[in-house]
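Chains, contacts and geometry: an overview
Chain by chain, the residues:
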Amino acid sequence: MALRKVKGNLERMFDKNLTDLVRGIRNNKETESKYISQCMEEIKTELRQDNLAVKANAVAKLTYLQMLGYDISWAGFNIIEVMSSPKFTYKRIGYLSASQCFHQDTEVLMLTTNMIRKDLNSHNMYDSGTALTGLACFINGDLARDLANDVMTLLASTKPYLRKKAVLLLYKVFLKFPEALRPAFPRLKEKLEDPDPGVQSAAVNVICELARKNPKNYLSLAPVFFKLMTSSTNNWMLIKIIKLFGALTPLEPRLGKKLIEPLTNLIHSTSAMSLLYECINTVIAVLISISSGMPNHNASIQLCVQKLRILIEDSDQNLKYLGLLAMSKILKTHPKSVQAHKDLVLQCLDDKDESIRLRALDLLYGMVTKKTVMEIVRRLMNHMDRAEGTMYRDELLQKIILICSQNNFQYITNFEWYISVLVELCRMEGTQHGGLIANQLMDVAIRVVAVREFTVGQMALLLDNAHVIVGPAAARSSIAEVLYAASWICGEFAQLLANPKATLESMVRGKVVSLPGHIQATYVHNMLKLYTHIIATAEEEDDAEMIQEVTNLLLERLPVFVSSGDLEVQERASCIVQIVTYVQKCHQHGDKIGPELSALMAGELNPVAPKAQKKVPLPEGLDLDAWINDPPSESEDEEDEAYKKEIFVKHESTSKHKKEKYEPTEEELQKLREVRKAEQASNPYYVKNSAASVQGFTRVDQEVAVEPIYLNVPLKIPGMTSMDKYQMVDGWQESNKKRHKKHKKRSKRKGPHSSSDEEDAGPQAQVVNTDVGEMPEGAHLSDDNDADDRPDDDPHRALDINLDEPLAPNEVLPTRSHYEVKSRRRSRSDDKENILTNEVSHKKKSRSKKDKKEKIKKSKKEERKVKKSSRKGQDNLILDLEETVEDASRTDDIPIAANHINGISEENSTEKPTDDLDFWLSKSDSVPPATDEVDEVRATDTESPMAAATPGNEERKSKTSKSKKEKKNKKNKEKSEKKSKKKVKDEVEETVSRNREEYEETNGTVMQESESQAMSQPVVRLLAQDSVLKLMYSTAAMDGVMSEVLVSIKFINQSSKSISKLELNLPDSSSLKMVRIDPQSEVVSFPWELSGGEAQEANLSFTAADDTIPHKLRGFLSYTQEDGVNSDLPVRLEFPVTAFLSGKTASRTTFTDLLSSGQLSARSSFTLPNSQLSFSEVLEEVSCGGSMEVVECVDQTASLYGRSLHGHHVCLLVKYQESGRLTIDGKSTEGTLLSNALDHLKTSLMQK
Amino acid sequence: MMHYLLIAKDGKVQFSHYFTHVTPSARPALEARVVGKCQSADKEGCHFLEDGEHTLVFRWFGPCIFLVGADHQENELMVYEFLGLYVGALQRYFGKFSERHLLLSTDHLHMVLEEMVVDGELVESSIKNVLAPIQMLDAASSR
C-alpha cells in the first residue's frame, strides 16, 4: 500500500498540472485541438488511478478545459469522487468543477445527497461553505427536499460565514422545493435582524428576489425593512431594500407615502450614484402608485427630474444611459415634467453612443405634443439622413411612425403633413419597415376621410414612380410593400384620382412583374377597380375613345399576369381578362355596363375591432374536435399532407397579408355582397354607416381641407426629381414657398374633382375614425381576461404562497432520520415534535421518564462531541483565527452612506415593530397614538405568539381529522405548564414560567418552539410609587436591527380619580439614550388619561453605547389629577447588564460551537454556600431576571446562554447541590460584561 | 441576480464563471455573441447593453473586458461597481493583478468570486473578508 502511494506520488511528478496545461495550450497555438485531445487522453488515464491527488489535478484541468468549451460531461462521476475527498483543497476543486458543469438534470447528482449532507454538517466551516456555494449552482428538486433541513440548521450556525451562504442558498431551495418556503420563512425573517451585516444583507437579497415575483406575500415585512433602511449604512444592502420597496409599493399606496420622505432625504444626502439611481427609481414607482393626494407630490417629481438631469448631463455615459432610462419611467405618468427637458433629450440624439441614442428615442416617443410633433419628426428625419448603419436608421423610422401614430394619431393635427412624412420615408434605402409604412398609409387613407384625396394623389405619384422605389437596393428591403398600399388606395378610392387613366397606365407598366406575388395580386385586382371607375365615368360622358383605350390597354397587358407563377395573380388576372372581354363585347353591342360593373366593387369598408374575431361566440353544439367523417387511415393522411404541401408552397409568401388574400370570383363576390347587404338591412343591430359610407362613392366635390401647412419637412412629390432625395429645407419661409408651389402644381392636375380652394383654408379638423370597429353581438372590447401571464412552468408561480398564515403542524421540513446516525441527532428535535403531537395524555408519566433518559443520553453525546471537536485542534485553530479576523474586519470596506436622516429613525423606533402592517402604516397619520392603539401594541408585543397560534387552531379544528391531533397538542402544552407549576414551589404571580425543558431541545430547529420561547416574560420591577400612582417596569433586550432595550412601563392608578397629563422627564446619560420622537426634548408625554384604578402600559426604547456596565437613569414623572393637583414622582430606571442580554438565538448547536470555538476568553464564577432557593427558583431568577435562555438542563445543572446588544456572548453553567451550595460559572467574550452580570445575579440571588 | 461573469481579452474568453447553469454546448455561442457585442461597443460609451433576457454590464480593465450578464431588474450601476470591487479584490490578493494571473491562476479567480457571490447575489462586499479565508487556506497549504 505504502509502496503504491509512493509510486503514485512519483508518477504525479511527471503529470501536467493546470499551469502546465495552460502553458502547453499557449505554446501549441497552431495545433491546439490536437494538443488538447492528447491532454484529454492523459486526463482520462489520470482519472483511472486511485490516487486522489492525481484525480483532483485531472479534474482541475478538466474544469479549465470546460471553460474553453470542451465537453467534460463524461467525467461527472470522477468529479463526485473528488468532491468526496476528505482533503479540503481537493474537495474545493471538485465542488468548483461541479458548480460549473453540473446542472439540475445531471444524473449523477442522485449519488451526492449524503455526501453533500456530510459536508454541510462538517466541523470544518470551509467544507460546509464550499458545499453551500457549489450546491447553489446545481441544486435540483430532490437535493432541495433532502437537504432543506440541513441548510436550515446552518442558518443557526455561530459563524456568519456559513449563515450568510446558507441564507442565500435558501432562495434556490425555495425555487426547487416550494414546500420549504412556509416552514423556513420565519427563520429567514429572523435573519433580517441578524447581528452580522453580511447575513442581514444576504437575507435582504433573498427576500428581495422572492418579493419581486410575488410581492403581495411580503407586504407584512415592510416595517422590518423600513427599519433596516433607515438604520443601515451598507449601500449594497440599501440598494436591495429600496428595490424591494419598489416592488411592494404598487400594492400598498400608504407604504409609498411613508417611504417618500426617507427616500427623498437619501436622494439629497447620498453620494453613491448607484444608490441615488435606485432611490429615484423607487420614488418613481411610489409616485406612480399614488397618483394623487400627496401634498409634496410635485416636489418629489421635480427633485427626481432634476437629479436625473444631472445624471444625463454627466460626462459618464453610464449615468447618462441610466438617467434616460429612469426618465422614461417618469414620462409614463408625469409627461409634463419631463417635457421641460426636451432640449436635453434632443441633445442626446446626437450622442455618439448608439445605446444612448436609442434611449433618447424612447423618451421622445412620450414627449411629443401636438405642438412639438412636427419639430421632433423633422429632427428625426434629419438624423436619419445622417445616421450610419441601417439598423439604427430602421429604428429611427420605426420610432417616427410610432411617435406619430400613438394613441390613434393623437398628436397629429395635420394629416397631409403626415402623409408627406410617410411618402418621404418610402425613400429610405434598405428599410425593413416597408410593411409598417404601408399599414400607416392605408390606415390614414381609410380612417381620415378629409385627407383621403390628398393621399390618393400622393399614391398615384408613388405608383407612377415605382421604379425609383423598387430600385436595385430593394431586394433586401421590404419597401415594395408600400406599393401594395399605394395600389390598393388608388383602386379603392379611384373616384378621387386626378387622372385615373394615367394611374392605370403606370400600374400596368412592365416592372410590376418583378414584385412579390401578393403585391402583384393587389395590383391586378385594383386595376379592375380602376377600370370599372374609368368605364363608369366614360360611359356617363360618352367618351367611347377612352373606353376603347383602357380596354385595349388591359387586354394587352393582363396576359402577362395570367401567365404569372403566382397562383393568386394568375387566378385574378384570368378572371379579370374575362370580365374585360365581356365588357368589350357589351360595348360593341352599344350596351352600357358601367353601373353593373361598379356594383362589383360597391360597399364601404368598415373597420373591424382588433378582438372581434376572438369574441365571436362559439355556436351551440359546435365541437371542433369531433370527427366529421371517420378518421382516415394513416396512409391517406400522408398522401393528404403531400398534397397540401404542393398546394401551399406557393402561398407562403402571401400568408402575412390579411387583406385581399382570398378573393372569390367576381360573380361570387357580387352575390355575397348582395346577400350581405340584405342581411345588414334586416339586421337591427347593424349600425348603418350613413354619412361615411355614402361619401364613399357618391361624393364628388368634397371639400378638402387645404390650409397653409407649416411643413418642416418639405413636401416632395416623389418621382419628379428622383435623385436629390431628402433635400431638407431648414428655413421656415422657404419650405412654405416651396409647399405652395407644389400645391398649385398638384391642384392643377386634380381635374374636375377638387375645387381648388386654397384660399378658404379654414382649419377644418381632420378627424380620425376612432370607432372601436365592428364587434360580434353582445361582445365588449373591455371584457378581457387578465390572468397570471407567467408560464405554467415558471418556478415563481409555485412560490406564490401566503406567508402570514400560521404554520400547520404538518408543515415542517422533511427530515431523514431513519437511516443515518448523524442526521438523527440533528433532527431529533423534529422527532421530538412528532412525539409530542402523537403522545396521548395518559402516557404522561412514562413519557417524562423517557424524556429524562433521553436527555441524559444526549448530554453525554454532547460531551463526547465537545471532546471530539477539541481533539480536532487544527480545525479549530483555523476557526478561531478566522473568527477573529472576521469580527475585527466586520465593518471594513463597507461603503458608508452619507449622513442618515434626522428624525426618521426616531419616529418609528419608539415602538416595537409589530406585525400588524395596517397599524404600522397608519401610525404616521395619527400623530398622538390613541389609547387603544397603545393597547394594541401591548397586545402584539406580549401575546403575539399566543394570538398567532389560536386562530390557526380554530381554523384547523374544522378539519376533523387533524383537529384531534391538535387537541392533543394543546393538552400537552397545558400539561407542560402544569408540570412546571409543580416544580416551582412558590409561584411568582407576574411571571408565567414555561417549562423550559420542553423547549430547550427543540431550540432553533423548529419554528413553533422559537415562537413559544418568546413567551417568557421578564421580571417586573417597581419603578416608582406614591399614594396615587404606581409604576412597574420590565426590560427586554431587542438585539437585532436597532440594538435597543425595550422598557415597558406599567402605569397603575391606585386612586379613584383620573389622572391626566402624564409626562416623563428622563434626561439621557452619557452612554444610555432614549429613542425619542422629538430628539430635542427630554420630556416624553403620554397622551392618555388614567381613570381610577385603570392601568396602562407604555413602551420606551433605549440604546446603550456600552452594554458591559450597568446603567441608571434618573428623572421624574409629572402628572395632573382630576382636581387639578400637579404632582411629581421621582423615577429611577435601573439597567443591570443583564438587561442588555437576550437569549433569543440560543440553540444547542450554537452553544456547543461557541464553547468549542474558544472565543469565550473571559471566565468568572461565584459560589453561594447556602442558597435559600430551590434549583428551579434559581433557574427562574437567572433566566428571567438575567434574561438568559436555558440551553440545557440536566438534573440540578443547567447551562444558559445570552447575547448582549452589541453581540457579546455570555454562557453560564449553573450547578446546584442538594446542600444548597450554588455555583455559577460564566464564560464570555467580554470580561467586564461577565463580571458585572455575575455581580448582579449574585446580589439578586442573595436578596431572595 | 447575476447569471454569469466572463473575462475576455481580444475577443477571446479567458475566464468564465456561471452562477446559473447554461448548457456547455450553448456556452461558446453565448460567450462569442456577448463578448462581441461588448467589444464592439464604444469604449467611452455606455457600459450597459440589452441582451435578450439579460442586461450586460461590462467594464474594461486594461486590455481585458469584464462582463456580467444580470437580470434587467438588477441595478446596473451596482453590478458595474461590483466588477470594480472584484478586480480590487484580485488586485489585493495577487499584489498586482496582471494577465499572467488571468491565464495561470483561474482557480484563484474562481475562489475569490465564490467568496463574493453566491447564487448570483453579492454576499460579501468587504475585500478583507473575502480574502481572509483564501489567504488562510493558502497559508495552510504552503505550510
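Residues numbered from 1 in each chain as written. Chains lettered and ligands numbered in written order. Predicted model: local features only at pLDDT ≥ 70, side-chain atom pairs only at ≥ 80, totals over all residues. Heavy atoms only, no water.

- Going by an unreviewed UniProt entry, chain B carries the name AP complex subunit sigma and comes from Petrolisthes manimaculis.
- Recorded in UniProt for chain B, the comment headed Subcellular location (unreviewed entry) runs: "Endomembrane system".
- Turning to chain B, the UniProt record has this under Sequence similarities (unreviewed entry): "Belongs to the adaptor complexes small subunit family." (UniProt positions renumbered as here; feature names shortened; annotations may be inferred.)

- Chain A has the name AP-3 complex subunit delta in an unreviewed UniProt entry, where Petrolisthes manimaculis is given as its organism.
- Recorded under Subcellular location (unreviewed entry), the UniProt text for chain A is reproduced unchanged: "Endomembrane system".
- The record held by UniProt for chain A lists under Sequence similarities (unreviewed entry) the comment "Belongs to the adaptor complexes large subunit family."

**Considering the overall build of chain B**
- The helix and strand tally for chain B stands at five helices and seven strands.
- The proportion of buried residues among the 143 residues of chain B is 66%.
- Taking all contacts inside chain B whose residues are at least 6 apart in sequence as the whole, residues at least 24 apart take part in 48%.
- Of the accessible surface of chain B, which amounts to about 4,900 Å², a share of 52% is contributed by carbon and sulfur atoms. (Helix = DSSP H or I, 4+ residues; strand = E, 2+ residues; numbered from the N terminus. Buried < 20%, exposed > 50% of the residue type's maximum accessible area, 1.4 Å probe, protein only. Contact = heavy atoms within 4.5 Å. Areas by Shrake-Rupley, 256 points an atom, 1.4 Å probe, with all protein chains shown as cover.)

**Some remarks on the overall build of chain A**
- Secondary structure assignment for chain A yields 51 helices and 15 strands.
- Within chain A, residue pairs in contact and separated by at least 24 positions form 71% of the contacts whose partners lie at least 6 positions apart.
- Accessible surface, chain A as shown: approximately 58,000 Å² in total, 52% of it carbon and sulfur.

**Quick word on the interface of chain A and chain B**
- Every contact between the two is made by 62 residues of chain A and, on the other side, 58 residues of chain B.
- For the pair chain A and chain B, the summed buried surface comes to about 5,400 Å²; carbon and sulfur atoms form 58% of the total.
- At the surface where chain A touches chain B, the tally comes to seven salt bridges.
- The salt bridge partner of lysine 164 of chain A is glutamate 124 of chain B, with a shortest N-O separation of 2.4 Å.
- Taken together, the links from chain A to chain B amount to 16 residue pairs in polar contact (both at pLDDT 80 or more). (Buried area = accessible area lost by both parts, 1.4 Å probe. Salt bridge = Lys/Arg side-chain N within 4 Å of Asp/Glu carboxyl O. Polar contact = N/O pair within 3.5 Å; in protein donor to acceptor, adjacent residues only side chain to side chain.)

**Side note on the confidence of the model for chain A**
- Of all residues in chain A, 66% have pLDDT values of 70 or greater, and the mean over the chain is 71.
- Here residues 981–1016 of chain A is a poorly scored stretch, pLDDT under 50, and it has 79 contacts once near neighbours within four places are set aside; other chains count. (pLDDT = per-residue confidence, 0-100.)

**Quick notes on the pairing of strand 4 (residues 1059–1065) of chain A**
All names here are of chain A.
- Burial of strand 4 is extensive: five of the seven residues sit out of reach of the surface.
- In the sheet, strand 4 pairs with strand 8 (residues 1111–1121) via five bridges, with the strands oriented antiparallel. Across the sheet, the residue bridging to leucine 1064 is leucine 1117, located in strand 8.
- Note: strand 4 against strand 6 (residues 1083–1086), four bridges, orientation antiparallel. Residue pairing across strands places leucine 1062 opposite phenylalanine 1086, the latter belonging to strand 6. (Pairing = 2+ DSSP bridges.)

**What about the side chain of lysine 61 of chain A?**
Residue and element names in this part refer to chain A.
- The residue lysine 61 is located in helix 4 (residues 52–67) in this model.
- On the basis of relative accessible area, lysine 61 is assigned to the buried category, the value being 1%.
- When neighbours within four sequence positions are excluded, lysine 61 is seen to be in contact with Lys16, Asn17, Leu18, Leu21, Ile43 and Glu46.

**As for the packing of aromatic side chains**
- Tallying each qualifying case throughout the model produces 16 aromatic pairs over all chains.
- Note on tyrosine 321 of chain A and phenylalanine 48 of chain B: the rings are 5.8 Å apart at their centroids and 55 degrees apart in plane angle, and the pair reads as tilted. In this pair, tyrosine 321 of chain A is assigned in helix 18 (residues 317–333) and phenylalanine 48 of chain B in strand 3 (residues 48–51), connecting two distinct chains.
- Judged by relative accessible area, tyrosine 321 of chain A falls into the buried class, the value being 2%.
- In this structure phenylalanine 48 of chain B comes out as buried when scored by relative accessible area, which is 0%.
- Members of the aromatic cluster, each reached through a chain of ring pairs, are Phe61, Phe66, Phe82 and Tyr86 of chain B.
- Here the basic side chain of arginine 27 of chain B rests over the ring of tyrosine 18 of chain B, its NZ or CZ set 4.1 Å away from the ring centre. (Phe/Tyr/Trp six-rings, centres within 6.5 Å; stacked < 30°, edge-to-face > 60°. Lys NZ or Arg CZ within 6 Å of the ring centre and 35° of its normal.)

**Some details on helix 5 (residues 76–83) of chain A**
Residues and elements named next belong to chain A.
- With six of its eight residues buried, helix 5 lies for the most part within the structure.
- Along helix 5, the positions that sit buried rather than exposed are Gly76, Asn78, Ile79, Ile80, Val82 and Met83.
- Buried residues in helix 5 make contact with helix 3 (32–48), helix 4, helix 6 (88–101), helix 7 (113–120) and helix 8 (125–138).

**Observations regarding the sheet that holds strand 4 (residues 54–61) of chain B**
Residues and elements named next belong to chain B.
- Taken together, the five strands give an open sheet; going across it, the order is 2-1-5-4-3, and neighbouring strands pair in antiparallel fashion. In the strand order of this sheet, the two ends are held by strand 2 (12–18) and strand 3, each with one partner. Along the sheet, successive strands turn relative to each other by an average axial angle of 25 degrees, direction set aside.
- Bridging between strand 4 and strand 5 (residues 64–71) involves eight bridges; their strand directions are antiparallel. (Axes fitted to C-alpha atoms, helices over the stretch in contact; angles between N-to-C directions.)

**Observations concerning the side chain of histidine 47 of chain B**
- Tracing the chain through its elements places histidine 47 of chain B in the loop between helix 1 (27–40) and strand 3.
- Setting aside residues no more than four positions away along its own chain, histidine 47 of chain B makes contact with Asn318 of chain A together with Leu56, Val57, Phe58, Trp60 and Tyr80 of chain B.

**A short note on helix 2 (residues 76–94) of chain B**
Residue and element names in this part refer to chain B.
- Given a rise of 1.5 Å per residue, 19 residues ought to cover 27 Å, and the 27 Å separating the end C-alpha atoms of helix 2 matches this to within 8%.
- Burial analysis of helix 2 places 14 of its 19 residues in the buried class, which makes it a mostly covered element.
- By the N-cap criterion, in which a side-chain oxygen at the helix start approaches the backbone nitrogen of a residue two or three places on, helix 2 is capped by asparagine 75, the distance to leucine 77 being 3.0 Å.
- Immediately beyond the C-terminal end of helix 2, within one or two residues, lies glycine 95, with a positive phi of roughly 85 degrees. (Expected span 1.5 Å × (residues − 1).)

**Points about the environment of glycine 88 of chain B**
- Position of glycine 88 of chain B among the secondary structure elements: in helix 2.
- For glycine 88 of chain B, a relative accessible area of 23% corresponds to the partly exposed category.

**Considering the nonpolar core**
- Counting 287 residues, the largest nonpolar core has Phe82 and Tyr86 of chain B as its most contacted members.
- A total of 13 residues in this core trace back to one element, the largest contributor, which is helix 2 of chain B.
- The residues touching phenylalanine 82 of chain B, leaving out its near neighbours within four places in the chain, are Trp236 of chain A together with Met2, Leu5, Val68, Leu113, Met116, Val117 and Leu122 of chain B.
- Counting residues in hydrophobic clusters, the runner-up holds 35 residues, among them Tyr1033, Val1047, Leu1062 and Met1074 of chain A. (Core = buried A, V, L, I, M, F, W, Y, C linked by side-chain atoms within 4.5 Å.)

**Topic: the pattern of salt bridges**
- Tallying each qualifying case throughout the model produces 37 salt bridges over all chains.
- Here arginine 1132 of chain A makes a salt bridge to glutamate 1134 of chain A, at a shortest N to O gap of 2.9 Å.
- Arginine 1132 of chain A sits in the partly exposed class, given a relative accessible area of 32%.
- Residue classification places glutamate 1134 of chain A among the partly exposed residues on the basis of a relative accessible area of 34%.
- Where glutamate 99 of chain B meets lysine 9 of chain B, a salt bridge forms, and the shortest distance between an N and an O atom there is 2.7 Å. With a gap of 90 residues between them, glutamate 99 of chain B in helix 3 (residues 99–104) and lysine 9 of chain B in strand 1 (residues 2–9) connect regions that are remote in the sequence.

**Some remarks on the sheet that holds strand 6 of chain A**
Residue and element names in this part refer to chain A.
- With antiparallel pairing, four strands are arranged side by side in an open sheet as 6-4-8-9. A single partner strand is all that each edge strand has here, and the edge strands are strand 6 and strand 9 (1126–1135). Mean inter-strand twist for the sheet, computed between neighbouring axes without regard to direction, equals 25 degrees.
- Across 10 bridges, strand 8 lies against strand 9 in antiparallel orientation. Its bridge partner being in strand 9, leucine 1117 is matched across the sheet by leucine 1129.

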